[in-house]
Amino acid sequence: MPQDGFDPDGGAPPARRLAVRSGLVAAGLGLGLLAAGLGAAWIYAAALPPVDLASAATRSTVVLDRSGTLLRPFATADGRWRLPVTAEAVDPRFQAMLLAYEDRRFAHHFGIDPAALLRAAGQWLVRGRIVSGGSTLSMQVARLVEPRRERSLDAKLRQMVRAVTLGRRLGKGGMLDLYLALAPYGGPLEGVRAASLAYFGREPARLTAAQAALLVALPQSPEARRPDRFPERARAARDRVLDIASARGVLTAAEAEAAKAEPVPTARKPFPMLAAHATEEAVAAEPTNPVIRLAIDAPLQERLEVLAAERAAATGPDLSAAILVLDNWDGRVLAQVGSAGYLDATRRGAIDMTLAIRSPGSALKPFVYAMAFEDGLAHPETLLEDRPTRFSASYAPENFDLTFQGTVTARRALQLSLNVPAVALMEAVGPARFIARLRAAGAGIQLPREAAPGLPVALGGLGITLTDLARLYAGFARGGTLPDIQRRAEAGAPGSGRQVVSPVAAWYIADILRGTPPPENALPNRIAYKTGTSYGYRDAWAAGFDRRVTVAVWVGRPDGAAVPGLVGRVVAAPILFDAFARLGGEFEPVPRPANTLMAGSSSLPPPLQRLGRDAAGARSPTLRIAYPPDGARIDLGLAPDGHGRDGEAVALKALGGVPPLTWLIDGQPVAQTLRHRAEWFPQGVGFARISVLDSTGASDSVAVRLE
């Protein structure tokens, strides 16, 4: 016995005493090696360059919806799926299993666990081989951010140094976040989020015990345990994690046994691909932005993608469909369905038909009527003639059903989408002025071979995108002001927008279109909508709105081929009404502005009671407004306190025409005189359109700004 009376063997048998002495020797050697290693580490650390975490931990670009839901991830430049993730977004039970299995003292050590290193060194010295590693979670992170293939003392020493320096730099939370983002899961999958989506089709925020255990086990041997290739090995590794989690109190024995009964996934699931076109366009616009958040609402997008795919398949082969939903208040794109299936090659699904230029058919007729209302040429109750009419030597339009309705109100003519009245109003408004107004509002109108606009533009003789059409229709819900399209969730408050028609004219259109007969089995008077069918049955359109949102629908073949029976009212309108039903919420009519003239045909001023062919001809050159001139700024004499002078009138003067003359402000009659002069008493500042009509229906119009 030793002189101090201490017997380390305690009277044990010789074999036991030998094992104890070997363990003590191993421990002593381990302590010596650890001390020597740590001392060398600090010397070694000074020579190491700092880790470039920005390049070492490059993440996949992800596109999110307005609430942060993943719409679509994109692989990194080297083909890796490495999605951004933090510990807060991962199931706490997974984290508990991970630490119980990998690094129980993670919260307490400084990046290196001396006890684990001593245990590993002792086992190596006693058994002559590596029985268990001494790597901490921090050391594994060091290996992930600075991968090295060789397994040597130098590599291990480097990991130890990196683990300590990174731990000081990032803290425990940062190190855990790095592990969760970079841990290998087989093939191109890296990080717990990519693995959870690929193997379970769900975010890692909520995992079953079996799912969490599998994700803990895979990084140890990611290729050998891949469940899509080696499901039995994956199951065995998962069950071993469950046993350890049960032994260390993370799970109860019953929970562990129940988890073992859960099957292991045997195939990878596809990553989310909602709003495929919108996300692709967003990444192309911001290629260096790792996280892009769109204004799209993911649940609504998913519902409408299903709707488009189902309806296109039911309509016929090779057909595609597109749906765009705008928030009328700020112009945010709530849903963008570019095709009936992004991956459907037979329907050319990769083409975004919300941005394709196509002929709108009758879908732009409401704007012809709106401009006529604004100019004082017509009113919703003005009588129009729907009879065989030749507008030029070669142009005599017919209605879709080859019949004529005779004398109808403008309201009825628009609801029935009659062609002759629309062309008559276009002749009065002027095709060039019509196109110029739409382009000035921001619509990308294209004419065939850049020809001069003619009367056929009233019936769709031009090109426009579904996005521009939706934006134009949103203007009807906003008092004639178009929203600016906003695709990002971070977009600011809406601007003032561009005025396409006056508030009164916009409301007239909204009121008329709300009364359009709905498609079969749909409820009437819910939404204001209009359909369109392009020449040759190539495009079917429907656009509708209420106070809240605008929805635009297109159906057709992306290659522009004709499809017999492809009619907007039959094909696109039902999709429009179904899309509104899937929006949820109550329908809200557009509010009526002040100064709206509500009258029957017989109660209108004489020039507004009927639009004859003479009135529908070219605007009379003999009638024009002499004062105020177009674009004039009129000073109302505002005092410094913001109040105007009482009774201040604006003089109105005309030249030519056949009295009596009717003067209108924003489509509302304000005076009828036998002379060419009148007075108008404005109610406030802003823009106003002044129109004058004579007894023959000739007219002129100017826009002024009141200050």
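Each chain carries its own residue numbering, running from 1 in the written order of its sequence. Residues qualify for local features only when their pLDDT is at least 70, as the model is predicted, and side-chain atom pairs are given and counted only at 80 or more; totals for whole chains, interfaces and linings, by contrast, use all residues. Water and hydrogen atoms play no part in the side-chain values, which are based on all heavy atoms of the structure.

> Any chance you could explain the overall build of the protein here in plain terms?
Per the convention used, a helix needs a DSSP run of H or I reaching at least four residues, while a strand needs a run of E reaching at least two, with both numbered from the N terminus. Each helix and strand in the protein was counted, giving 21 helices and 22 strands. Only protein chains enter the calculation, and the probe is 1.4 Å; a residue is then buried if its accessible area is under 20% of its type maximum, exposed if over 50%, and partly exposed in between. Counting every position in the protein, which comprises 707 residues, the buried fraction comes to 51%. When contacts within the protein are restricted to residue pairs at least 6 apart in sequence, those whose partners lie at least 24 apart make up 70%. To measure how exposed things are, a 1.4 Å probe is used in the Shrake-Rupley method; for residues, cover is taken only from the protein chains shown. Total accessible area on the protein is roughly 31,400 Å²; 55% of this is exposed by carbon and sulfur atoms. The contact definition used throughout considers only heavy atoms, calling two residues in contact when any of these lie within 4.5 Å.

> So what exactly am I meant to see when it comes to the sheet that holds strand 14 (residues 549-556) here?
The pairing of strands in a sheet happens through backbone hydrogen bonds and is either parallel or antiparallel. Ordered by their spatial adjacency, five strands build an open sheet running 7-6-14-13-12, and the pairing between neighbours is antiparallel. The sheet is open, and its two edges are formed by strand 7 (333-337) and strand 12 (528-533), each paired on a single side. Adjacent strand axes in the sheet meet at a mean angle of 10° when their direction is disregarded. In this analysis, strands are considered paired if DSSP registers two or more bridges between them. Pairing of strand 13 (residues 539-545) with strand 14, which is carried by seven bridges, proceeds in the antiparallel orientation. Lines are fitted to the C-alpha atoms to define the axes, a helix being fitted only along its stretch in contact, and any angle between axes, read from their N-to-C directions, falls within 0 to 180 degrees.

> For this particular structure, what's the right way to read unusual backbone geometry?
Outside of glycine, negative phi angles account for most residues, and trans bonds account for most peptide bonds. A cis amide bond links Tyr627 with the next residue in sequence, Pro628, at an omega value of 0°. Among the secondary structure elements, Pro628 is positioned in the loop between strand 15 (624-627) and strand 16 (633-634). For the bond running from Pro659 to Pro660, omega is 5°, close enough to zero to count as cis. Phi is positive for Asp318, close to 65°, though the residue is something other than glycine. You can see Asp318 is positioned in the loop between helix 12 (298-315) and strand 6 (320-327). Judged by its relative accessible area of 28%, Asp318 falls in the partly exposed class. One non-glycine residue with positive phi stands out, namely Asn521, at about 70°. Relative to the elements of secondary structure, Asn521 occurs in the loop between helix 18 (503-514) and strand 12.

> Would you mind showing me how to read the sheet that holds strand 20 (residues 677-680) here?
Strand order in the open sheet made by the three strands is 15-17-20, with antiparallel pairing throughout. What marks the edges here is a single partner per strand, and that holds for strand 15 and strand 20. Taking the axes of each pair of neighbouring strands and ignoring which way they run, one obtains an average angle of 35° across the sheet. Taken together, the four bridges between strand 17 (residues 650-655) and strand 20 define a ladder with antiparallel strand orientation. Looking at strand 20, one finds that Ala651 is bridged to Glu679.

> For this particular structure, what's the right way to read the packing of aromatic side chains?
Put simply, two rings from Phe, Tyr or Trp (the six-membered ring, in Trp's case) pair if the centres are within 6.5 Å, and we call them stacked under 30 degrees between planes, edge-to-face over 60, tilted for the rest. All chains considered together, the criterion is met by 12 aromatic pairs. An aromatic cluster of three or more residues is present, and its members are Phe367, Tyr473, Phe476 and Phe545. Taking NZ or CZ as reference, Lys172 lies 4.7 Å from the ring centre of Phe106, over its face. Remark: a charge is flagged as sitting over a ring if the NZ atom of Lys or the CZ atom of Arg is within 6 Å of the ring centre and within 35 degrees of the ring normal. Across the ring face of Phe230, the terminal group of Arg233 is positioned such that the distance to the ring centre comes to 4.5 Å.

> Hey, could you run me through the packing of helix 3 (residues 92-102) against helix 9 (residues 231-247) in this one?
Angle between the axes and distance between the axes are the two parameters that describe a pair of packed helices. Direction vectors running N to C along helix 3 and helix 9 enclose 90°, while the axes themselves pass 9 Å from each other. As judged from the angle between their axes, helix 3 and helix 9 are roughly perpendicular. Contacts between helix 3 and helix 9 involve Met97, Ala100 and Tyr101 on the former and, on the latter, Arg240, Val241, Leu242, Ile244 and Ala245. All amino acids are sorted into three groups, where Ala, Val, Leu, Ile, Met, Phe, Trp, Tyr, Cys and Pro are nonpolar, Asp, Glu, Lys and Arg are charged, and the leftover types, Gly among them, are polar. Tallied by class, residues from the contact of helix 3 with helix 9 come to seven nonpolar, no polar and one charged. Geometric relationships in this document are graded by angle, where less than 35 degrees denotes roughly parallel, more than 145 denotes roughly antiparallel, 65 to 115 denotes roughly perpendicular, and other angles denote oblique.

> What is the right way to read the pairing of strand 7 from this model?
Residues in a regular strand project their side chains so that they alternate between the two faces of the sheet. Among the five residues in strand 7, five count as buried, and that is most of the element. Judged from the four bridges that link them, strand 6 and strand 7 form a sheet pairing that is antiparallel. Following the sheet pairing, Leu324 is matched in strand 7 by Gln336. In this antiparallel pair of consecutive strands, strand 6 and strand 7, the connection spans five residues, and Gly331 shows a positive phi of 75°.

> What am I meant to see in the pairing of strand 22 (residues 699-706) here?
Most of strand 22 sits inside the fold, with six of its eight residues counted as buried. With two bridges joining them, strand 16 and strand 22 adopt parallel strand pairing. Along strand 22, the bridge assignment pairs Arg633 with Arg705. With eight bridges joining them, strand 21 (residues 686-693) and strand 22 adopt antiparallel strand pairing. Looking at the pairing, Leu693 lines up with Ser699 of strand 22.

> For this particular structure, what's the right way to read helix 13 (residues 365-374)?
Owing to its 3.6 residues per turn, the α-helix aligns residues three or four sequence positions apart on the same side. Most of helix 13 is tucked away: 10 of the 10 residues are buried. Looking only at helix 13, the buried set comprises Lys365, Pro366, Phe367, Val368, Tyr369, Ala370, Met371, Ala372, Phe373 and Glu374. Following helix 13 by one or two positions, Gly376 adopts a phi angle in the positive range, close to 80°.

> Please clarify how the pattern of salt bridges should be interpreted in this entry.
It is possible for side chains of opposite charge to pair when their charged atoms get near one another. The rule for a salt bridge is simple: a side-chain nitrogen of Lys or Arg has to be within 4 Å of a carboxyl oxygen of Asp or Glu. Using the criterion set out here, one finds 28 salt bridges in the structure. Of the charged contacts in the structure, one is a salt bridge between Lys260 and Glu257, with a shortest N-O distance of 3.5 Å. Taken together, the positions of Lys260 and Glu257, both in helix 10 (residues 253-260) and three residues apart, correspond to about one turn of that helix. On the basis of relative accessible area, Lys260 is assigned to the buried category, the value being 19%.

> How should the side chain of Thr61 be read in this particular structure?
With respect to the secondary-structure elements, Thr61 resides in strand 1 (residues 61-64). On the basis of relative accessibility, which here comes to 15%, the residue Thr61 falls in the buried class. Not counting residues within four places of it along the chain, the set of residues in contact with Thr61 comprises Arg72, Pro73, Phe74, Val283, Asn289 and Pro290.

> Which parts of the structure should I look at to understand helix 15 (residues 419-429)?
Of all 11 residues in helix 15, 11 are buried; the element is thus mostly enclosed. At the exit of helix 15 stands Gly430, carrying a positive phi of roughly 100°.

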